[in-house]
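Overview (structure and organization)
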Amino acid sequence: MSDKPVIPPSGSTSVKQSFDVVWSAMASMRGGMIILGVICVAAIVGIFKPSIYNSLWFQGLEGLLCFNVASCSMKRAKALWQATFPVDYSWVRGADQQAEANSLRLDLKTNQAAVIAYNCLNTMGYKVVSLLTDSGYYIYGEKGKIAPWGTFAVHLSILFIAAGALIGNVFGYNHEISLKVGSSYTVMPQNGQQFEIKLNNFTTEFYEDGSVSDWISDTAVIRDGQEVVSKLIKVNHPLSFNDVSIYQQSYSTSINTEVMDGRGRVIKQQEVIESSGMVISDQAGLAVQAVRYIPDFNPARPMVSQSNEARNPHVLYIIYAGGREIDWGAAPIGKPIKLSDELLVRFTQAVPVSGFQIKYNPGLPIVWLGFFLMTVGFFCSLYIRHKRVWLRITDDNNSSIVKVMAVAGKNQEGYRISNELQIKLSTCHSAVRGG
Amino acid sequence: MDSQLFLAAFFCYFAACGLYIAYVALENKTLVRYARIAVISGFVSNTLALVVRTGAAGRLPFANMYEFGMAFVWGIILFHLYVESRYKNNTIGAFILPVAFVLTGIFALFQQEVRPLMPALKSNWLMAHVATAVIAYGALAVSFALAVMYLWKSKLEDDSHANALNLLLPSLETIDKLVHQAITFAVPFLTLLIITGAIWAEYAWGDYWRWDPKETWSLITWIIYAVYLHGRTALGWKGKKAMNWAVAGFAAVLFTFIGVNLLLPGLHSYALSR
Ligand code: HEM
């Protein structure tokens, strides 16, 4: 430490002050509302520029929202806890702090009035606590205590969902693969033993009107050479195995394409995915494209298959030379077609290919938990009213003065409840007198 | 058959709309009876349209804009009937029915034959998704109509036309309360709507959230109502300020549901890519 006095550079206090201002604004509810507004605007812009959603500053906004929700929730948590699990009965005297009061006079002793009031609140569904003091009775009733916890849960759920999304982004993975019928793929989970998925068959099912009803991948999970699970993967029915999910995503056809020289010798062979092509000679710009596989070809309507059975399988092709389209047509499976003066091409086999998405998302359970909390929280918060009432009963020349005070959440409902209570009290009272 | 029934509902709602407005304009109480007959006839044919469609499709009619539209309008009218009988004030019909009838007209334009469900739509989550939409959007449509009523009435009062018409309408305080009740009723279902959609997307597409325009707009709608709730309960917003948020919220609902489909098409991809 030097013994020079530490003089803050001028301006630093105002920097600190403005930092404090920004900090407390970001931690306040109004700040939260502003952040939500900015997120809305950014989300709209993102519709036209989707890269925004993955940009650092958009994620920063989401982080800011989480910070905001967390700080707001922390501020509330203590009060909420104390209100729910009070350590003593002092709050029962809260009647003295409530401004709104209605009072009524009953021709009863205070202890009788207290019993009636207690029972009335009870029948109205309140949890009641009463306290006898030198100056009379305090009676406190409360119901719907869960409502503010619901609000708390809604806010907390936002943090859960954000945490789950973050975990998924950081530790999860997601990639797409294509599998030919009969082939398999090795999945290597980060936590656990690797396994293989094998596509045994791929079929498309149709409705009577010809529209697709399902794409079905008949799949097996193989571990250590043994089949452990088999499942028909369809849209809406992914396969889950060891935290890895496999989704039906796309489909295609793999067309085995062979190029032959004049003497019928195969000089090049390749699996061509439907609609893509195979380059035969770069220099000559020679290529063949397998445009579409037609299982049941009809020359009168060459572009559409008459059925889904391979009754008359053809491949629609285009041939390019010098980079330009020079020929096109429909070739029966197995039959060579002329490519150039010396070369022939033939499509020997068409095999269905299924496209899968393979996903591991360790954040998912946390997101689901967040969804659950949010739903339950919203119903508790908005469908249940938190109500608190205080009664103060004092003696006045052998009759009782009952003061009614009520607070219901933040709403100005006190009067309504106190009126209801008054009516109840007077009916109870008259019942006693009548009896 | 369902389209004729839905068209009949459209004409009934149109008639009811005219009758309710005439009631408010002419202050002629007998018109209310006819208006109610028209609404109820419309509601009955709307219900039948849904039943017939369900029978024809062999599933709930929740698969496209036309089918959902029938259910949506049905929900609005159901809430209308409830609010009207609960609060014994018939003027609200002059505000809710125009909304219902315009929407009926729009959805009728999207009429289409029953088609079997494509693979991505074959999910129970979709059913839950659409059922929550009917509840949430129905109640929000009512909140919107009532907010418009509030704004209109407060304009009448500003113009100091404290006339009989003004007395016919519920008090501003009552309308304000009703709008708030409709929104607080709807918001948990709006939340569930987005959540069921996300869960469905997780199973169908392998991702619960992809920021496609439909998801994005549903989030924006939800945020608008979240801001409204905070303003209302924590900052004490009341009156016009709260009503403007209620109107904006429903505008976002309509955009999510109709605007995105028409203006930003092709992005909510149901089908598998090939
Ligand atoms: C992101 C979406 C959010 C949702 C869906 C949400 C939801 C809610 C709900 C449902 C309520 C209860 C309203 C009522 O009592 O009727 C509430 C209250 C509240 N929220 Fe939020 N909230 C969100 C974000 C925030 C943020 C960012 C803050 C910032 C601090 C915040 C602070 C508060 C506060 C202070 C209350 C008042 C609690 C009370 O009076 O009991 N909320 N919120």
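Residues numbered from 1 in each chain as written. Chains lettered and ligands numbered in written order. Predicted model: local features only at pLDDT ≥ 70, side-chain atom pairs only at ≥ 80, totals over all residues. Heavy atoms only, no water.

Below, the discussion takes up the overall build of chain B. A count of helices and strands for chain B gives 9 helices and 0 strands. Here the C-alpha radius of gyration of chain B, 19 Å, is about what a compact globule of 274 residues would show, namely 19 Å. Structurally, chain B occupies a C-alpha span of about 65 × 45 × 30 Å along its principal axes. Within chain B, the proportion of its 274 residues that are buried is 59%. Taking the intrachain contacts of chain B between residues at least 6 apart in sequence as the baseline, contacts between residues at least 24 apart amount to 77%. Carbon together with sulfur atoms contributes 67% to the accessible area of chain B, which is approximately 11,000 Å² in total. In chain B, which carries 19 positive and 14 negative side-chain charges, the distance between the mean positions of the two groups comes to 4 Å. (Helix = DSSP H or I, 4+ residues; strand = E, 2+ residues; numbered from the N terminus. Rg over C-alpha atoms; globule rule 2.2 N^0.38 Å. Buried < 20%, exposed > 50% of the residue type's maximum accessible area, 1.4 Å probe, protein only. Contact = heavy atoms within 4.5 Å. Areas by Shrake-Rupley, 256 points an atom, 1.4 Å probe, with all protein chains shown as cover. Lys, Arg positive; Asp, Glu negative; His and termini not counted. Charge placed at Lys NZ, Arg CZ, Asp CG, Glu CD.)

Bringing the pattern of salt bridges into the picture now. Residues and elements named next belong to chain A. Summed over all chains, the structure comprises 15 salt bridges over all chains. Across the pair Asp 20 and Lys 16 runs a salt bridge, and its minimum N-O distance is 3.3 Å. One end of the pair, Asp 20, and the other, Lys 16, are both in helix α1 (residues 12-26), 4 residues apart, so they sit about a helical turn from each other. Taking the shortest distance from any N to any O, the salt bridge between Lys 180 and Glu 271 comes out at 3.0 Å. (Salt bridge = Lys/Arg side-chain N within 4 Å of Asp/Glu carboxyl O.)

Our focus in this paragraph is the coordination of the iron atom of the ligand. Here the iron atom of the ligand is held by the protein donor atoms A:His155 (NE2) and B:His230 (NE2), which lie 1.8 to 1.9 Å from it. The site at the iron atom of the ligand holds 6 donor atoms, and with the angles between them running 86 to 180°, its shape is octahedral. Of this pair, A:His155 sits in helix α5 (residues 146-171) while B:His230 sits in helix α8 (residues 213-233), which puts the two residues in different chains. (Donors = N, O, S within 2.8 Å, 3.2 Å for Na, K, Ca; no water. Tetrahedral: all angles 85-135°; square planar, octahedral: opposite > 155°, others 65-115°.)

The subject of this paragraph is helix α3 (residues 56-84) of chain A. All names here are of chain A. Counted at 1.5 Å a residue, the expected span for α3 with its 29 residues is 42 Å, and the 40 Å between its end C-alpha atoms agrees. Approximately 30° is the largest bend angle found in α3, and it occurs at Ala 77. For α3, every residue scored as buried is listed here: Phe 58, Leu 61, Leu 65, Cys 66, Asn 68, Val 69, Ser 71, Cys 72, Ser 73, Leu 80 and Thr 84. (Expected span 1.5 Å × (residues − 1). Bend = angle between axes of the 7 residues up to and from the residue.)

On to the confidence of the model for chain B, then. Residues with a pLDDT of 70 or more make up 94% of chain B, whose mean pLDDT is 89. Interface confidence in the predicted complex, given as ipTM, is 0.91; pTM for the same model is 0.87. (pLDDT = per-residue confidence, 0-100.)

Turning our eyes to something else, we now look at the side chain of A:Arg223. Residues and elements named next belong to chain A. Residue placement: Arg 223 occurs in strand β7 (residues 212-223). This buried residue, Arg 223, is left without a salt bridge; Asp 224 holds the nearest opposite charge, at 5.5 Å. If sequence neighbours within four positions are ignored, Arg 223 has contacts with Gln 193, Gln 194, Val 228, Phe 241 and Asn 242.

Another point: the interface of chain A and chain B. Each partner contributes to the interface: chain A provides 47 residues, whereas chain B provides 47 residues. Roughly 4,200 Å² of surface becomes buried between chain A and chain B when both sides are summed, with 70% attributable to carbon and sulfur atoms. Three residues stand out in chain A for area buried against chain B, namely A:Met33, A:Ile47 and A:Asn236, and they jointly supply 15% of the buried area on that side. Counting across the interface, chain A meets chain B through 2 salt bridges. The salt bridge involving A:Lys359 is made with B:Glu202; its shortest N-O contact spans 2.4 Å. At the surface where chain A touches chain B, the tally comes to 11 residue pairs in polar contact (both at pLDDT 80 or more). Partitioning the side of chain A that touches chain B into residue classes produces 28 nonpolar, 12 polar and 7 charged. (Buried area = accessible area lost by both parts, 1.4 Å probe. Polar contact = N/O pair within 3.5 Å; in protein donor to acceptor, adjacent residues only side chain to side chain. Nonpolar A, V, L, I, M, F, W, Y, C, P; charged D, E, K, R; others polar.)

Our next topic: the packing of aromatic side chains. Overall, the coordinates contain 42 aromatic pairs over all chains when judged by the stated rule. Summarising the aromatic geometry, the rings of A:Trp81 and A:Trp149 are spaced 6.3 Å apart at their centres and angled 80° between planes, so their arrangement reads as edge-to-face. With a gap of 68 residues between them, A:Trp81 in helix α3 and A:Trp149 in helix α5 connect regions that are remote in the sequence. Three or more aromatic residues link up through ring pairs in this structure, and these residues are A:Phe379, A:Tyr383, B:Phe79, B:Phe185 and B:Phe189. If you follow A:Lys143 out to its NZ or CZ, it ends over the ring of A:Tyr126, 4.7 Å from the centre. We note B:Arg33 situated over the ring of B:Tyr34; from NZ or CZ to the ring centre the distance is 5.9 Å. (Phe/Tyr/Trp six-rings, centres within 6.5 Å; stacked < 30°, edge-to-face > 60°. Lys NZ or Arg CZ within 6 Å of the ring centre and 35° of its normal.)

Moving on to the environment of A:Ile52. Residue position: A:Ile52 is located in the loop between α2 (29-48) and α3. C-alpha of A:Ile52 to C-alpha of A:Ala330: the two residues are 278 residues apart in sequence and 45 Å apart in space.

Let's shift gears to the sheet that holds β7(A). Residue and element names in this part refer to chain A. Taking strand neighbours across the sheet as the criterion, the 4 strands line up as β5-β6-β7-β8 in an open arrangement whose pairing is antiparallel. Of all strands in the sheet, those with a lone pairing partner are β5 (184-187) and β8 (226-233), marking the two edges. Between one strand and the next, the sheet's axes are offset by a mean angle of 25°, whatever the strand orientation. Two elements, β5 and strand β6 (residues 195-206), share 4 bridges in a ladder whose sense is antiparallel. (Pairing = 2+ DSSP bridges. Axes fitted to C-alpha atoms, helices over the stretch in contact; angles between N-to-C directions.)

Residues A:Ile197, B:Phe72, B:Ile77, B:Phe107, B:Tyr137 and B:Val179 are the most contacted members of the largest nonpolar core, which totals 145 residues. Ranked by the residues each element gives to this core, the list is headed by helix α7 (residues 172-205) of chain B, at 18 residues. Not counting chain neighbours up to four residues away, the residues in contact with B:Phe72 comprise B:Leu103, B:Phe107, B:Val134, B:Tyr137, B:Gly138, B:Ala141, B:Phe250 and B:Phe257. Listed in part, the 20 residues of the second largest apolar core include A:Ala117, A:Tyr137, A:Ile393 and A:Val402. (Core = buried A, V, L, I, M, F, W, Y, C linked by side-chain atoms within 4.5 Å.)

Before going further, it helps to examine α2(A). Residues spaced three or four apart along an α-helix point in a common direction, a consequence of the helix completing one turn every 3.6 residues. With 20 residues, α2(A) extends 30 Å from end C-alpha to end C-alpha; this agrees with the ideal 28 Å at 1.5 Å per step. Among all positions of α2(A), only A:Gly31, A:Gly32, A:Met33, A:Ile35, A:Leu36, A:Ile39, A:Cys40, A:Ala42, A:Ala43, A:Gly46 and A:Ile47 are buried.

So, about the pairing of strand β11 (residues 266-273) of chain A. Residues and elements named next belong to chain A. Bridge analysis of strand β10 (residues 244-260) against β11 gives 7 bridges, and the strand direction is antiparallel. Its bridge partner being in β11, Thr 257 is matched across the sheet by Gln 270. What sits between the antiparallel neighbours β10 and β11 is a turn of 5 residues, in which Gly 264 has the positive phi angle 85°.

In this section: the environment of B:Ile37. Residue and element names in this part refer to chain B. Tracing the backbone through its elements, the reader meets Ile 37 in helix α2 (residues 30-57). By relative accessible area, which is 47% here, Ile 37 ends up partly exposed. Distance from Ile 37 to Phe 11, taken between C-alpha atoms, is 13 Å for residues 26 residues apart in sequence.

Before going further, it helps to examine the site of the ligand. The environment of the ligand is formed by 22 residues, the closest being A:Asn68, A:Cys72, A:His155, B:His230 and B:Thr233. Those residues lying near the ligand are distributed over chains A and B. Within the contact set of the ligand, an oxygen atom lies 3.4 Å away from a side-chain nitrogen or oxygen of A:Arg76. Here A:His155 contributes a side-chain N or O atom positioned 2.6 Å from a nitrogen atom of the ligand. Secondary-structure elements contributing two or more residues to the shell around the ligand are α2, α3, α5 and α6 (364-383) of chain A together with α8 of chain B. Split into classes, the residues belonging to the shell around the ligand amount to 12 nonpolar, 8 polar and 2 charged. (Near = heavy atom within 4 Å.)

Residues and elements named next belong to chain A. On the surface, Ile 146, Tyr 383 and Ile 384 cluster together to form a nonpolar patch covering roughly 240 Å² of accessible area. Mapped onto the elements of the fold, Ile 384 is located in the loop between α6 and β18 (387-396). The exposure class of Ile 384 is partly exposed, given its relative accessible area of 32%. (Patch = residues over 30% accessible without salt bridge, like charges linked within 9 Å, V, L, I, M, F, W, Y side chains within 5 Å.)

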